[in-house]
Amino acid sequence: MQQEREKEKTAAVQRMQDYINQYGESENFDFDGLYASAGYSRRHADRIFKDLTGKTPQEYVTAIRLSMGAEKLTGTTDSVLEIALDSCFQSHEGFSRAFKHLFRASPREYRRGERAIPLFIQYPVSHYHVLLNHKEEMRMDKNVNVCMVTPKDRPKRKLIYLPSKKAEEYLSYCEEMGCEWEGLLNSISEKFDSAALIELPDFLVKSGFSKIAAGVEVPLDCQCSLPEGYESAELAECTMLYFQSEPYENEADFCQAIEDTYSAIEKYQPQRYGYDFAYDLAPSFNFGAEAATGAKIAVPAIKK
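Reading the values: the criteria
- Residues numbered from 1 in each chain as written.
- Predicted model: local features only at pLDDT ≥ 70, side-chain atom pairs only at ≥ 80, totals over all residues.
- Heavy atoms only, no water.
- Helix = DSSP H or I, 4+ residues; strand = E, 2+ residues; numbered from the N terminus.
- Rg over C-alpha atoms; globule rule 2.2 N^0.38 Å.
- Buried < 20%, exposed > 50% of the residue type's maximum accessible area, 1.4 Å probe, protein only.
- Contact = heavy atoms within 4.5 Å.
- Areas by Shrake-Rupley, 256 points an atom, 1.4 Å probe, with all protein chains shown as cover.
- Phe/Tyr/Trp six-rings, centres within 6.5 Å; stacked < 30°, edge-to-face > 60°.
- Lys NZ or Arg CZ within 6 Å of the ring centre and 35° of its normal.
- Polar contact = N/O pair within 3.5 Å; in protein donor to acceptor, adjacent residues only side chain to side chain.
- Core = buried A, V, L, I, M, F, W, Y, C linked by side-chain atoms within 4.5 Å.
- Pairing = 2+ DSSP bridges.

Visitor: An account of the overall build of the protein is needed here, citing residue identities and associated values.
Guide: Check the secondary structure of the protein and you find 11 helices and 9 strands. On C-alpha atoms alone, the protein measures out to a radius of gyration of 21 Å, which is about the 19 Å that the 2.2 N^0.38 rule sets for 304 residues. Dimensions of the protein along its principal axes, counting C-alpha atoms only, are 60 × 50 × 35 Å. Within the span of the protein, comprising 304 residues, buried residues form 46% of the whole. Long-range pairs, those at least 24 residues apart, make up 71% of the contacts in the protein with a sequence separation of at least 6. Accessible surface computed for the protein: about 16,400 Å², of which carbon and sulfur atoms make up 48%.

Visitor: Account for the packing of aromatic side chains, with residues named and values stated.
Guide: Here the structure, examined in full by the defined rule, presents 17 aromatic pairs. Ring centres of F277 and Y279 lie 5.5 Å apart, and the angle between their planes is 45 degrees; on these two criteria the pair is classed as tilted. For F277, a relative accessible area of 26% corresponds to the partly exposed category. Aromatic ring contacts, followed pair by pair, group Y19, Y23, F29, F31 and Y35 into a single cluster. Between K152 and the ring centre of Y242, over which it is positioned, the NZ or CZ distance is 4.5 Å. Lying over the aromatic face of F287, K296 brings its terminal NZ or CZ to 4.5 Å of the ring centre.

Visitor: Summarise the side chain of S210; cite the residues concerned and give the values.
Guide: Checked against the element boundaries, S210 lands in the loop between β3 (196–199) and β4 (212–218). There is a polar contact of 2.9 Å between the side chain of S210 and the side chain of S164. Within polar-contact distance, the side chain of S210 engages the backbone nitrogen of I212 at 3.1 Å. Those residues in contact with S210 that lie beyond four places of it in its chain are S164, K165, K166, A167, L200 and V205.

Visitor: I'd like a description of the environment of K165, backed by residues and values.
Guide: Summarising the element assignment, K165 is placed in the loop between β2 (157–163) and α9 (170–177). K165 gets classed as exposed once you look at its relative accessible area, which sits at 57%. Distance from K165 to V205, taken between C-alpha atoms, is 9.8 Å for residues 40 residues apart in sequence. When sequence neighbours within four positions are dropped, the list of residues in contact with K165 reads E176, G208, F209 and S210.

Visitor: Lay out the nonpolar core with the relevant residues and their values.
Guide: One finds I160, Y173, W181, L185, I188, V216 and Y230 to be the most contacted residues of the largest nonpolar core, which totals 19 residues. The dominant element in this core, judged by the number of residues it contributes, is β4, at 4 residues. Setting aside chain neighbours within four positions, we find I188 in contact with A116, I160, V216, V218, C222, C224 and L226.

Visitor: Could you give me a rundown of the pairing of strand β9 (residues 294–303), with the residues and numbers involved?
Guide: Regular strands place side chains that alternate from one sheet face to the opposite one. Burial runs high along β9: 8 of the 10 residues are buried. Where strand β6 (residues 238–245) and β9 come together, 6 bridges link them in antiparallel fashion. Opposite L241, over in β9, you have V299 as the bridge partner. Bridge count for strand β7 (residues 275–277) against β9 is 3 bridges, and the pairing is antiparallel. Each bridged residue has a counterpart across the sheet, and for D276 the counterpart in β9 is I302. The pairing of strand β8 (residues 284–290) with β9 spans 4 bridges and is classified as antiparallel. Bridge pairing links E290 to G294 in β9. In sequence, β8 turns back onto β9 through a hairpin of 3 residues.

Structural data, given as structure tokens:
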């Protein structure tokens, strides 16, 4: 009975997230429609939404709109007022005040590249339960999907990362370190690729810490200010081999897509293509999976 209640609670919040994804960027967003999508009273829907996302629906919608505005600050030359109005705020002052409250930096500071900010990333609540269930119901008879492998040469560069003390994978990392890292690291415009869960090489693992961290690669001259706890290190030039799985139809299959990609890496023979794996030089990057594109994982290699 308890399991069924939790399942329905998750489904209701997922319906609310889906409604927000569809209508949240519109200035005519209707909260009555949001609560109708949940199928519960406003009071109960607010409570279960905050239980599972950590934010009220109002806070959640505001975070989405501010993150949308932040992307326009670095991706366009629009004025702050234009961006504020496009982000469903009534004034420059209201947008700037809300922006600084959420991101601990002003729009101007972020636009000038002085500081990374924790852009809000929407995590479907249903995915968390898929991860929990998948840990308990590992499929042993897997058919590994085809993976495309793409080499990308990397120059000497800097790794910006947030190490953990005891994490072993994504779920335990987020339980220990929270999930703010993804939005914050993705706010760094100079990054080579999006933020990812990484497995550190031995030379970057400090005593009392695990090999699991979150990070991005950036140019050596990147000077972005980061919160306490983040580390940086120089990486030698190498090639990153990107393994990309096939797309999949069922959103709940993202765990399996990632596992299949790791299985493909284990079976891959880089020597046949002029490479050797080089896990001692740089981290491996787990970028996660999306139904439309499949799973993406990058591992370090050197040319023979």
